[in-house]
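Chain by chain, the residues run as shown.
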Amino acid sequence: MTATLIVLALIMGGVVFWLIFQTINVQPWAEEGPIGQHHAGGAHSIPAAKIGLVVFLCVAASLFSLFVSAYFQRMDFSDWRPLAEPDILWFNTALLILGSLFFQRARNSVVNGQIKGVRTNLLVAGLLTFAFIAGQLWAWQGLQEQGYFLSTNPANSFFYVLTAIHALHMLGGLWVWSTTVFKLQNQVEVYKVRMSVELCTIYWHFLLLVWLGLFALLLST
Amino acid sequence: MAHVALADKEQELAHPKTWIGMYVWSQDHKIIGIQYIITATAVGVIALILSGLMRLQLGFPGVFDFIQPDEYYQAVTMHGMIMIVFMLTAFFLGGFGNVLVPLMCGARDMAFPYMNMLSYWVYLLSVIVVCASFFVPEGPTGAGWTLYPPQAITEGTPGADWGIICMTVSLGLFVVAFTMGGLNYVTTAFQARTRGMTLMRMPLSVWGIIMATILGLLAFPALLVSVIMMTLDKTLDTSFFMPAISSLGENLSHEGGSPILFQHLFWFFGHPEVYIVALPAFGIVSDLISTHARKNIFGYRMMVWAIVAIGGLSFIVWAHHMYVSGMNPYFGFFFATTTLIIAVPTAIKVYNWVLTLWRGNIHLTVPMLFAIGFIFTFIHGGITGLFLGNVVVDVPLSDTYFVVGHFHMVMGVSPFLVVFGGIYHWFPLLTGRMLNDAMGKIHFWLTFLGTYAIYLPMHYIGILGVPRRYYANGTTEFLPDSVHAANFSITIAALVVAAAQFLFLINIFWSLFKGRKSPRNPWRATTIEWQTPDYPPKHGNWGKELPVVHRWAYSYSVPGAKEDFIPQNEPPSKYTRGEGEV
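In this text, all values refer to a predicted model and were calculated from it rather than measured experimentally.

Novice: Let's hear about the overall build of chain A: which residues, and what values?
Specialist: On a plain count of helices and strands, chain A comes out with 6 helices and 0 strands. Going residue by residue from the N terminus, the α and β elements of chain A occur as α-α-α-α-α-α. Based on the C-alpha atoms only, the size of chain A along its principal axes is roughly 70 × 45 × 20 Å. Every one of the 221 residues in chain A was classed for burial, and the buried ones make up 38%. Sequence separation of 24 or more characterises 80% of the internal contacts of chain A that already satisfy a separation of 6 or more.

Structural data, given as structure tokens:
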């Protein structure tokens, strides 16, 4: 469970570090008074949707790290026979990197209020992601043809499960992407989609990192 | 810079006009909380009845023909899983979390009300699926609440075909529902607090609920991972957990899987789960004790940091549930050490509750009775936890009734006492009526004394070596007659305690319509959920203006103040500062 413990230690460490700054030298029983006398008070300026997304990313990080921990524990058994990862995974990885890049461009455009740039970059980013998922399915198809079925060996099982869980997260992101694209088609003003684009960008970067981690794991074992 | 847009977004709240919109597909956190409470209570009653069936068999072995071994194991399994996950977790976080977090933080609603509504409906779906397993061929799973493979998915175990699938699917749905709800609780507490409600002015109830939510968000994925992989082992013949095995004389297609891997994943969820249930109880009981003893909580900062420390440590103790799994003794030493360390912040909390009571103006109201009862049961359950945390003591006691007695005291009875205390305390806030005091006191004493009558003898028979999960002890020679007498008396006590819970339900229904009208803020509490302009609070909670918080949540018996409590939103004056009339 080392992988999971490292991820959780980072998350909990972040929470504790933040809390220390919030609570150090605070004596709530001794403080009384209107706002501004002792604290700015209230919540901070990061939008709720971003906080919600960051919390969700922590949940997803925990989920993937648990799969990775299970992977490490299971591969120690004698029946583990590593499978040769299909070459198309390299191509898929490139697609995902490009997708993330285009999301970043879309985010830059939305910050600068360039609706056209948002529309184009967002569309390309989504299509690249669809291509990534299609590529993953292609990889599955190739493995099936070579006889690497889900239940043939635990290494195969993990390959299918890890890629499926990652793809499901991508599909969830594509749902938000599609609603944003739909809004843009209806000529909404750019500030109305700013949050969605920013959230999608963070989410795509996160899922790219997760995929790079998983891909490295699959290649190295 | 204060950011109040979210907390004060009244114009963005959904304002449904129809009854269905207001009370069924509601996005109001209070209604969603009540929906959680009603559903969790309903499913809890099912689990209570199942425990009654178990006790009938153990107290009167062989007398009741309708309880055969299969039904017994199914009752054991469903009782455990329903009580822990679908009842207590849902009640504390879905119920109390929904009702209290926005109100106590001074928000109009949760940060994401629509997702909050979805959270309840997915939770309800998970409850429906788990209950549907009573009606599938061969009934629900009888694998024990820990669902250990290979037993759970191998022929011969009750419900090994349909029942276990219903269980894994319902748990998966529950995790999804919890994640949607949990995102709301955390984001609301971090972002939607009203002006002046700094972190260190938050009531401990909120701290407990939020830390438990963080634990849940990080630990429930372990349950999700384990049920996904077990479902694949069952349905698609993978071998994540399933070793090479023969079942009913036939070699199965699995090979090489690791049942111990499942145990690691399960307990990586399972132990934080104890604190997911306990931390909200810690927080709520702190508020109950402070309010009903008319005294500020002792060591507030320590209480906050103890909650955080317990939350962090709860992730590195999981393998103390696995001492008999053949683990490396060095690991056993490590996990025994961390288990004992977690007792330190927990003990700090207990001392602080007792020191809050010390020389307090104790009002023995029904909520206070339950809070004090909790301190007793939690100390007893906690101390036996120290026994079981030590490898050398745990090994002989493993899988005996000592363990059953321990965990029922510490994470069964104790949280339930807080659930009851919380309901007696906040029922007036939600309904505008008081619960009947006499019925409440009868309910408390029967429950409190009754649970001791149930669980103390379990420790005794556990030390004698009576194994848990056995359908019948038979005429095993090493068991003295006192074991059978104890089992008989435990069953009688259990039936009495179960009946007392129906008295509680009668009290709820009766008081809902006939109960005494509650005055505003009947407990004279400082926290702002009692200071809403409408009583009970309406959708949006705060009318036109959000409250402004001026102090912490525990200004009780302040010298020189006009009354023995100063609400958090009361502006400072010469009276509240102690410079006025005495």
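Back to the text.
Novice: Lay out the overall build of chain B with the relevant residues and their values.
Specialist: Looking only at helices and strands, one finds 14 helices and 2 strands in chain B. Against the 2.2 N^0.38 benchmark of 25 Å for 582 residues, chain B shows a C-alpha radius of gyration of 24 Å, consistent with a compact globule. If one aligns the C-alpha atoms of chain B with their principal axes, the spans along those axes are about 85 × 50 × 50 Å. In chain B, which comprises 582 residues, the proportion classed as buried is 58%. Look at the contacts in chain B between residues 6 or more apart in sequence, and 80% of them connect residues 24 or more apart.

Novice: Hey, could you go over the packing of helix 6 (residues 204–235) of chain B against helix 8 (residues 300–313) of chain B for me, with residue numbers and the actual values?
Specialist: All names here are of chain B. Across the interface, helix 6 lies against helix 8 with an axial gap of 10 Å and an inter-helix angle of 15°. Considered as vectors, helix 6 and helix 8 are oriented roughly parallel to each other. Between helix 6 and helix 8 the crossing geometry is right-handed. Only Met 303, Val 304, Ile 307, Val 308 and Gly 311 of helix 8 make contact with helix 6, whose side of the interface consists of Leu 204, Trp 207, Gly 208, Met 211, Ile 214 and Leu 215. Residue composition of the contact of helix 6 with helix 8, grouped by class: 9 nonpolar, 2 polar and no charged.

Novice: Residues and numbers for the domain arrangement of chain B, please.
Specialist: All names here are of chain B. For chain B, the domain assignment lists domain 1 (31–241), domain 2 (271–518) and domain 3 (530–582). Spacing between the C-alpha centres of domain 1 and domain 2 amounts to 19 Å. Each side of the interface is counted separately: domain 1 has 37 residues, and domain 2 has 37 residues. Only helix 2 (29–59), helix 3 (69–105) and helix 6 provide two or more residues apiece to the side of domain 1 that touches domain 2. Looking at the side of domain 1 that touches domain 2 residue by residue, the classes come out as 27 nonpolar, 9 polar and 1 charged.

Novice: Summarise the nonpolar core; cite the residues concerned and give the values.
Specialist: Residue and element names in this part refer to chain B. Membership of the largest hydrophobic core comes to 237 residues, with the highest contact counts inside it found for Phe 86, Met 87, Val 206, Val 225, Val 285, Ile 307 and Phe 370. In terms of residue count, the dominant contributor to this core is helix 3 (24 residues). If we ignore the near neighbours within four places in the chain, the residues touching Phe 370 are Leu 417, Val 418, Phe 420, Gly 421, Tyr 424 and Phe 444.

Novice: Can you break down unusual backbone geometry residue by residue, with the values?
Specialist: Residues and elements named next belong to chain B. With an omega of 5°, the peptide bond between Pro 149 and Pro 150 qualifies as cis. For Pro 150, the location among the structural elements is in the loop between helix 4 (113–132) and helix 5 (162–191). Cis rather than trans, the peptide bond between Tyr 535 and Pro 536 has omega equal to -5°. Backbone geometry at Glu 138 places phi at a positive 70°, although glycine is not the residue there. Here Glu 138 is to be found in the loop between helix 4 and helix 5.

Novice: Tell me about the interface of chain B and chain A, residues and numbers included.
Specialist: Between chain B and chain A, the residue contacts involve 58 residues of the former and 45 residues of the latter. Among the elements of the structure, helix 5, helix 6, helix 7 (259–293) and helix 8 of chain B are those that each provide at least two residues to the side of chain B that touches chain A. Among the elements that line the side of chain B that touches chain A, the one with the most residues is helix 6 of chain B, at 8 residues. Within the side of chain B that touches chain A, the residues separate by chemical class into 35 nonpolar, 15 polar and 8 charged.

Novice: Mind laying out the environment of A:Phe159, listing which residues take part and the relevant values?
Specialist: All names here are of chain A. Turning to its location among the elements, Phe 159 is positioned in helix 5 (residues 154–185). Of the residues examined, Phe 159 has 24 C-beta atoms within 10 Å and is grouped as buried. Spatially, the C-alpha atom of Phe 159 lies 25 Å from that of Ala 125, the residues being 34 residues apart in sequence. Discounting chain neighbours no more than four positions away, the residues touching Phe 159 are Leu 83 and Leu 218.

Novice: Mind laying out the environment of B:Val466, listing which residues take part and the relevant values?
Specialist: By the element assignment, B:Val466 lies in the loop between helix 13 (437–464) and helix 14 (481–514). Sequence separation between B:Val466 and B:Asp399 is 67 residues; the distance between their C-alpha atoms is 8.6 Å.

Novice: Please set out helix 10 (residues 366–389) of chain B residue by residue, giving values where relevant.
Specialist: Look at helix 10 of chain B: 34 Å from first C-alpha to last across 24 residues, which is about the 34 Å you get at 1.5 Å a residue. For helix 10 of chain B, the tally of buried residues reaches 17 of 24 residues, placing the bulk of the element in the interior.

Novice: Outline the confidence of the model for chain B, supporting the account with residue identities and numerical values.
Specialist: Keep in mind that low pLDDT regions are not for reading the predicted coordinates in detail. Residues and elements named next belong to chain B. The share of residues in chain B with pLDDT of 70 or more is 96%, and the mean pLDDT across the chain is 91. This stretch, residues 1–5, has a pLDDT under 50; its non-local contacts, to residues over four places away or in other chains, come to 13 contacts. Among the scores for the predicted complex, ipTM is 0.92 and pTM is 0.93.

Novice: Please give an account of the confidence of the model for chain A that cites residues and values.
Specialist: Chain-level pLDDT for chain A is 88 on average; 95% of the residues reach the 70-or-more range. Note that pLDDT drops below 50 for residues 36–42 of chain A; the model gives that stretch 19 contacts with residues more than four away or on any other chain.

Novice: Give me the lowdown on the packing of helix 3 (residues 88–111) of chain A against helix 4 (residues 115–145) of chain A, citing residues and values where you can.
Specialist: Residues and elements named next belong to chain A. Viewed as axis vectors pointing N to C, helix 3 and helix 4 meet at an angle of 165°, and their least axial separation amounts to 8 Å. Judged by the angle between their axes, helix 3 and helix 4 are roughly antiparallel. The handedness of the crossing between helix 3 and helix 4 is left-handed. Considered class by class, the residues forming the contact of helix 3 with helix 4 number 19 nonpolar, 9 polar and 1 charged.

Novice: Tell me about helix 6 of chain B, and name the residues and values.
Specialist: Residue and element names in this part refer to chain B. Helix length check: helix 6 (32 residues) gives 45 Å between terminal C-alpha atoms against 46 Å at 1.5 Å per residue, within 8%. Of all bends in helix 6, the biggest is about 30°, found at Leu 217, and the proline Pro 221 comes one to four residues later. Among the 32 residues that make up helix 6, 31 are buried, leaving the element largely enclosed by the rest of the structure. Among the residues trailing helix 6, Asp 237 stands out with phi positive, at a value near 60°.

Novice: Which residues make up the environment of B:Ile34, and what values go with them?
Specialist: All names here are of chain B. Tracing the sequence through the fold places Ile 34 in helix 2. Overall, the presence of 19 C-beta atoms within 10 Å leaves Ile 34 in the partly exposed class. In this structure the C-alpha to C-alpha distance between Ile 34 and Leu 430, which are 396 residues apart in sequence, comes to 8.8 Å.

Cut-off values and rules
- Residues numbered from 1 in each chain as written.
- Chains lettered and ligands numbered in written order.
- Predicted model: local features only at pLDDT ≥ 70, side-chain atom pairs only at ≥ 80, totals over all residues.
- Helix = DSSP H or I, 4+ residues; strand = E, 2+ residues; numbered from the N terminus.
- Buried ≥ 20, exposed ≤ 12 C-beta atoms within 10 Å, placed from the backbone.
- Contact = placed C-beta atoms within 7 Å.
- Rg over C-alpha atoms; globule rule 2.2 N^0.38 Å.
- Axes fitted to C-alpha atoms, helices over the stretch in contact; angles between N-to-C directions.
- Parallel < 35°, antiparallel > 145°, perpendicular 65-115°, else oblique.
- Left-handed = near helix turned anticlockwise from the far one by under 90°.
- Nonpolar A, V, L, I, M, F, W, Y, C, P; charged D, E, K, R; others polar.
- Domains from an automatic or database assignment.
- Core = buried A, V, L, I, M, F, W, Y, C linked by C-beta atoms within 7 Å.
- Expected span 1.5 Å × (residues − 1).
- pLDDT = per-residue confidence, 0-100.
- Bend = angle between axes of the 7 residues up to and from the residue.

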